[in-house]
Structure formats: structure tokens, C-alpha cells
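Single-letter residue listing:
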Amino acid sequence: MNQSLRTSFSVWLGVPLLIAAGILLLENYHNAHRSANAAHDNSLYASALAIADHVVLEGSSLEVDLPYIALEMLSATGEDRVYYKVVGEDSTFITGYKDLPEPVTGAAERSERETTFFDSRFRGQTIRIAKLTRSIHRQSRDFEFSVYVAETVGEREQLARELTTSFGSRFLLLIVIVVAIAWIGASRALRPLKRFEESLSRRSYHDLRPIDVEVPAEINVLVAAINQLMERLQRSFSEIRAFVDDASHQLRTPLASLKTQLEVAVNEPNPETLRSRLDELLASTSRTGRLAEQLLVHARAGGSHDFEQLELNQLTETVVRGWVVSALESGIDLGFDRSKAALSVRGNAALLEELFNNLIQNAIQYSPSGSQVTLRVSQTDACGVVEVIDNGPGIPEALREDALRRFRRLGPKHLSGCGLGLAIAKDIAEVHGGSLLLCDGPGGIGLRVRLELPKIDPATGA
Ligand SMILES: Nc1ncnc2c1ncn2[C@@H]1O[C@H](COP(=O)(O)OP(=O)(O)O)[C@@H](O)[C@H]1O
Ligand SMILES: [Mg+2]
């Protein structure tokens, strides 16, 4: 998901804080409840004690000698209703609210100082009850009685709620502040990105200088990567520009000469001469056509191409076959040496055929009649190797690098060609992750052009 850094930062901070706050609030409510209970239980106990002190024995029956009004006073405390009951032995009712409930067995929350505290329901309300049990000793007999004092829990609940709410709202405020700080902090931290974006979008499309803005270390990696890309783009742009300059220069000359030849032909009165001028024109036109075609191949060789798995022996054999007739006409002995094992590479068949065609054409073209030209396929541990070997004039070592540049022609200028063959071959080799080397022919005679391509396992294709 394309989420803003600021949002995810705040969410990652806010959500865990909210969960923590929830847990703390629950605990806080529980504690507040317990404290409120403890405080109120004490006053219930005090009331039960006060009533118990006024239980007296009249004859053999127990009575409470507390004025009714004093008992009613109890119920006048605060918001809550207070109820009481006194029972004698075997739960015989003495005074108070008769139906005040007994503790359910096991429900007692705590017991101390002869008193049991427990929660129950009475007249539709939740109440807290303290039950104090005592006995009066008289005539070697124990008269046991219990005093119940109950109170609705409204006030304690309210106290617990108030404590919790005030704690909760403070905590919530804190979370809001923390998230706001995170949001602002993230915004500030991201501000350099904005500057970065501005400096990029202000640029014209041909400005490929490195970006120079102050950014935090984390973003610097990104800037460095973009700058590297810019550098590569710059290099390939200047290569393209150089190529266009070269190409237009190279095309202008033959086109100008075509025009001159045509002008001469147009004014030629003699049909015989006209005929030979037209033949020359045809030859020049096809040379120019070939040049344009080569230029296009060269321009495209550096681009991206579909690669497939290819078997080098098969591919080169087809190419060599195509040159048999032409070699025969030139008096060249054209040979083909396949490798012992099959040899697979990843490549573009059309481009590789172009490469081999160029090499064989050169070997046939520049070697005198009676020479031998051999295409040999072999392999090293990592590479497939194709060598085109001739025993013609060769290229002196000092000139080999130059021969690989485009539009460089070293040999006799009358031979057709535009100086692109080797440059194209080298480009194609590089597009395939391989290399093209000019070496001495066998025994130091002639030229050996060595192409190395990374080989692959035909089973896995890797
Ligand atoms: N097999 C070869 N033997 C001798 N010289 C060669 C051979 N191949 C290429 N050359 C030299 O290298 C130059 C560049 O070759 P290339 O790029 O194919 O251009 P072109 O063949 O159009 O001149 C050629 O002009 C030629 O002088
Ligand atoms: Mg050539």
C-alpha cells in the first residue's frame, strides 16, 4: 500500500499507546474500585459496630435500644441509601429491613474483625453489605446475633468512575500530544525530500548534472543512486549525440556525391556514356543504402532486445552456409569448425547473425584470393567462443583498437564498406554481456576475431 510515512509513523505510535492506555485504564478502574470499597467498608463497619453496641438482652430475648431516629440517621449519609437489620439466633428477626439478603455461600468478598463484606441486590439496586456477628454471654449461655448494615454502591461507583475518567482523559490528551509531535516531527524530517523533489522538477530534461541538495543520511543513498543513474544517462546521451553527428556527416557525403552524379547524368547527351553513368549511380545508391542500413543496425544494437536460448554451432553454421557461394567467387576457402559439445547462450539471433556476417564479410573482403577463412566454435569454462580466422593481411596491433571504432577504415578505400562492421560487432557482443577481441591469426599471419559470450546450462537456462 502506498501509505504516507507520516501516517504510518503516527499510527505505529498511536495504536500501541491506545492499547497500553486501555490496559492501564482497566487496571486503574479496578484499583479505584478497591480503594473506594475499602473507604466505604470502614464506615459500614463503624455503623454495624455502633448498632451492635446497643444490642441488649431483655430477659431471654435480644433487643436494640437505639432510638429509631438514630437508626434513620444512618440512612441520611450522602447520596446513597443505607439499610440495616438485626437478627438473633436462628435468624430470628429483631429489627430493620427484614428482607435484606444473606450472603450467598462463597460470595463474601472479605471477612475481618467478626465482619463479612459482600455485594448483593436489594430493591433493584446493587448494595454492599457488612454483616457483623457477635454474642452476649449471660447465664452460662451465648446469645448470638448479627447486625447487617447495607448501602447502595452509587457513590463508590461514581468515585471509581471519576478517578478513571480523569486518569483516562489525561492519558488521552498525552497520546494526542505524542501523536501530534510525531506527525510534526515526521513532517520536519521529510522536508528535505520536498526540497529534493523541487530541485528535480525544476530541472530541464537535458540537465543531467548530479543533484546537490542537503538531505538526511537515510535519503542520501537514494540521491546517490539517482545521481549514478543520471551519470549513466549522461554518458549514453552523449554517445547518442556523437553517433548522430557521425551518422549525419557520413550520410551527407554520399548523398552529395549522388546528387553530383545525377546532375552529370542528366546532361549527358551520349546514350552509351549515360548508360555507364547510370550503372555507377546504381552502385553508389546501393552503397548508400547499405550505409543507412548499417547505421540503423548500429543505432539499434545498443537498445534492448528479446533474448532467447540459442545453440551457437547451429546459429553460426547457418551463417557460414550463406557465405559459401560468395567465398567461392572470391577464391576463398571457407571452413567451419564446430565445438565438440553443444553450446548454449542467451542471445538475440538476428543480432548475432549480423555480427557473424560482418566478421565473415570482412575476412573474405580483405583477404586475397587463395586465402583460408575459418569460423571456429569452442568453449572455455564460462564462455562460448566463436573465432573468425583468416590468413590475409591482418591488422597491425597498434591499429586494432581504432578498427573497432565506427567509421574507421584502414584498408584500401576502393573496397565497399563504411567502417561500421566491427563497431556493430563490438556493440552486439557487449549487449550480450560478451566481448570482442582482435588477435593475431595462426602463426602471426592474418586476423583472428575472437567473440566470447557467457554460456548457459541448456537444461536450466541459467
Ligand atoms: N579480416 C580483416 N583483415 C584485414 N583487415 C580487416 C579485417 N577486418 C577488418 N579489417 C579492417 O578494419 C576496418 C574496419 O572494418 P569494418 O568495421 O568492418 O569496416 P569496413 O569493413 O566497412 O571498412 C576495415 O576497413 C579494414 O581495414
Ligand atoms: Mg566490414
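Residues numbered from 1 in each chain as written. Chains lettered and ligands numbered in written order. Predicted model: local features only at pLDDT ≥ 70, side-chain atom pairs only at ≥ 80, totals over all residues. Heavy atoms only, no water.

1. Some remarks on the overall build of the chain
In step 1: Counting secondary structure elements, the chain contains nine helices and 15 strands.
In step 2: Its C-alpha atoms give the chain a radius of gyration of 52 Å, clearly above 23 Å, the size a compact globule of 462 residues would have.
In step 3: Taken along its principal axes, the extent of the C-alpha atoms in the chain is 165 × 55 × 40 Å.
In step 4: Considering only residue pairs separated by 6 or more positions, the chain has 63% of its internal contacts joining residues 24 or more positions apart.
In step 5: Surface summary for the chain: the accessible area is close to 27,300 Å², and the carbon and sulfur share equals 56%.
In step 6: Of the side chains in the chain, 49 bear a positive and 59 a negative charge, and the two mean positions are spaced by 5 Å. (Helix = DSSP H or I, 4+ residues; strand = E, 2+ residues; numbered from the N terminus. Rg over C-alpha atoms; globule rule 2.2 N^0.38 Å. Contact = heavy atoms within 4.5 Å. Areas by Shrake-Rupley, 256 points an atom, 1.4 Å probe, with all protein chains shown as cover. Lys, Arg positive; Asp, Glu negative; His and termini not counted. Charge placed at Lys NZ, Arg CZ, Asp CG, Glu CD.)

2. Some thoughts on the pattern of salt bridges
In step 1: All chains considered together, the criterion is met by 28 salt bridges.
In step 2: One salt bridge in this structure joins Glu430 and Lys426, with 3.5 Å as the shortest N-O distance. Taken together, the residues span about one helical turn, with Glu430 and Lys426 both in helix 9 (residues 421-431) at a distance of four residues.
In step 3: Using a relative accessible area of 45% as the deciding quantity, one classes Glu430 as partly exposed.
In step 4: Judged by its relative accessible area of 29%, Lys426 is partly exposed. (Salt bridge = Lys/Arg side-chain N within 4 Å of Asp/Glu carboxyl O. Buried < 20%, exposed > 50% of the residue type's maximum accessible area, 1.4 Å probe, protein only.)

3. Re the sheet that holds strand 14 (residues 435-440)
In step 1: In space, the five strands of this open sheet follow the order 10-12-13-15-14, with mixed pairing throughout. In this open sheet, the two edge strands, each paired with only one partner strand, are strand 10 (333-337) and strand 14. For this sheet the average axis-to-axis angle between neighbouring strands, irrespective of direction, equals 15 degrees.
In step 2: Here six bridges tie strand 14 to strand 15 (residues 447-454), and the two strands are oriented antiparallel to one another. Across the sheet, the residue bridging to Leu438 is Val449, located in strand 15.
In step 3: Sitting on the sheet, helix 6 (residues 312-329) touches strand 10, strand 12 (372-379), strand 13 (383-390) and strand 15, and the angle it makes with strand 10 is about 170 degrees.
In step 4: Those strands touched by helix 9 are strand 14 and strand 15, and its axis lies near 130 degrees from that of strand 14. (Pairing = 2+ DSSP bridges. Axes fitted to C-alpha atoms, helices over the stretch in contact; angles between N-to-C directions.)

4. Description of the environment of Val56
In step 1: Looking at the element boundaries, Val56 is found in strand 1 (residues 55-58).
In step 2: With a relative accessible area of 25%, Val56 lands in the partly exposed category.
In step 3: Expressed as a C-alpha distance, the spacing of Val56 and Leu66, which sit ten residues apart in the sequence, is 9.9 Å.

5. Some points on the site of ligand 1
In step 1: Around ligand 1, 18 residues are found, and the nearest of them are Asn362, Arg409, Gly411, Gly419 and Leu422.
In step 2: Separating an oxygen atom of ligand 1 from a side-chain N or O atom of Asn362 is a distance of 2.7 Å.
In step 3: Notes on ligand 1: free accessible area 530 Å², of which the protein chains cover 95%.
In step 4: Within the residue set of the shell around ligand 1, elements represented by two or more residues are helix 7 (349-366) and helix 9.
In step 5: Looking at the shell around ligand 1 element by element, the count peaks at three residues for helix 7.
In step 6: For the shell around ligand 1, the residue count by class is nine nonpolar, six polar and three charged. (Near = heavy atom within 4 Å. Polar contact = N/O pair within 3.5 Å; in protein donor to acceptor, adjacent residues only side chain to side chain. Nonpolar A, V, L, I, M, F, W, Y, C, P; charged D, E, K, R; others polar.)

6. Focus on the side chain of Asn348
In step 1: The topology assignment puts Asn348 in the loop between strand 11 (344-347) and helix 7.
In step 2: Here Leu351 takes part through its backbone nitrogen, which lies 3.0 Å from a polar atom of the side chain of Asn348.
In step 3: Other than its neighbours up to four places away in sequence, Asn348 contacts His305, Asp306, Phe307, Leu310 and His432.

7. Section: the packing of helix 7 against helix 9
In step 1: The interhelical angle for the contact between helix 7 and helix 9, taken along N-to-C directions, is 145 degrees, at an axis separation of 9 Å. Here the hand of the crossing between helix 7 and helix 9 comes out left-handed. Where helix 7 abuts helix 9, its residues Leu351, Leu352, Glu354, Leu355, Asn358, Leu359 and Asn362 lie against Gly421, Leu422, Ile424, Ala425, Ile428 and Ala429.
In step 2: Here the contact of helix 7 with helix 9 is composed, by residue class, of nine nonpolar, three polar and one charged. (Left-handed = near helix turned anticlockwise from the far one by under 90°.)

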